[in-house]
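Breakdown of the fold
Okay, here's what each chain looks like letter by letter:
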Amino acid sequence: QVQLVESGGGLVQPGGSLRLSCAASVSLFSFNSMGWYRQAPGKQRELVAAMSANGVTTYADSVKGRFTISRDYAKNTVYLQMNSLKPEDTAVYYCRCNVTATAYYWGQGTQVTVSS
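Okay, so let's go over this structure.

Cut-offs applied
- Residues numbered from 1 in each chain as written.
- Predicted model: local features only at pLDDT ≥ 70, side-chain atom pairs only at ≥ 80, totals over all residues.
- Heavy atoms only, no water.
- Helix = DSSP H or I, 4+ residues; strand = E, 2+ residues; numbered from the N terminus.
- Rg over C-alpha atoms; globule rule 2.2 N^0.38 Å.
- Buried < 20%, exposed > 50% of the residue type's maximum accessible area, 1.4 Å probe, protein only.
- Contact = heavy atoms within 4.5 Å.
- Pairing = 2+ DSSP bridges.

We now examine the overall build of the protein chain. Along the protein chain, the regular secondary structure elements total 0 helices and 11 strands. Listing each helix as α and each strand as β along the protein chain from the N terminus yields β-β-β-β-β-β-β-β-β-β-β. Taken over the C-alpha trace, the protein chain has a radius of gyration of 13 Å; the compact-globule value for 116 residues is 13 Å, and the two agree within 12%. Across its three principal axes, the protein chain shows a C-alpha extent of roughly 40 × 25 × 25 Å.

Within the secondary structure layout, Gln 111 lies in strand S11 (residues 110-114). For Gln 111, a relative accessible area of 39% puts it in the partly exposed group. Taking the C-alpha atoms as reference, Gln 111 lies 6.1 Å from Ala 91; in sequence the two are 20 residues apart. If we skip the residues at most four places from it in the chain, Gln 111 touches Gly 9, Gly 10, Thr 90, Ala 91 and Val 92.

Let's shift gears to the pairing of strand S9 (residues 91-98). Across the 8 residues of S9, 7 count as buried, placing the element largely inside the fold. In this structure, strand S4 (residues 33-39) lies alongside S9, joined through 7 bridges in antiparallel fashion. Paired with Trp 36 across the bridge in S9 is Cys 95. Pairing of S9 with S11 involves 3 bridges; the strand directions are antiparallel. Within the sheet, the bridge partner assigned to Tyr 93 lies in S11 and is Thr 110. In this structure, the hairpin formed by S9 and strand S10 (residues 104-106) is closed by a connection of 5 residues.

Here we take up the pairing of strand S5 (residues 46-52). Most of S5 sits inside the fold, with 5 of its 7 residues counted as buried. With 6 bridges joining them, S4 and S5 adopt antiparallel strand pairing. Within S5, the residue paired with Tyr 37 across the bridge is Leu 47. Remark: 6 residues form the turn of the hairpin made by S4 and S5, two consecutive strands paired antiparallel; Gly 42 in that turn has positive phi of roughly 80°. Hairpin connection of S5 to strand S6 (residues 57-59): 4 residues between the antiparallel strands, including Gly 55 at a positive phi of 95°.

A few words on unusual backbone geometry. Non-glycine residue Asn 76 carries a positive phi angle of around 55°. For Asn 76, a relative accessible area of 22% puts it in the partly exposed group. Unusually for a residue other than glycine, Ser 84 sits at a positive phi of about 50°.

Structure, rendered in C-alpha cells:
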C-alpha cells in the first residue's frame, strides 16, 4: 500500500548540485529507516545514504562529505542533497523505505547524469 515517488534528477555539469526528493504516500513515521541507492549501467545497485528512525545517518565512502540525506515529516518526504557532483555519480537513483529490516518499498528511480 506504500508508494514512493522520486523527482529532481537531471543533467548537471561536474561540480554542480542537485536535490532529489522522495515523496511517500504514508507518514515517514511508518518506517524504521529511509535510504537512497543508485545503479549505474553494468553495475550493481549500491547504497548511497541512509537514515534510521532515530536520525542516525550512514553514507557510502564515495559520497561522504558531498551528499546529505534529510527528511521532512510534515511533507512525508526524504531528500538527498548532492553537491560537488562527479561524472562517476551518474546513475539511476532510487529511494527505499523500510518498514522492518526485511520489509521495504522502492521508488521508481530518477536519472542523474553528470557531464560537461
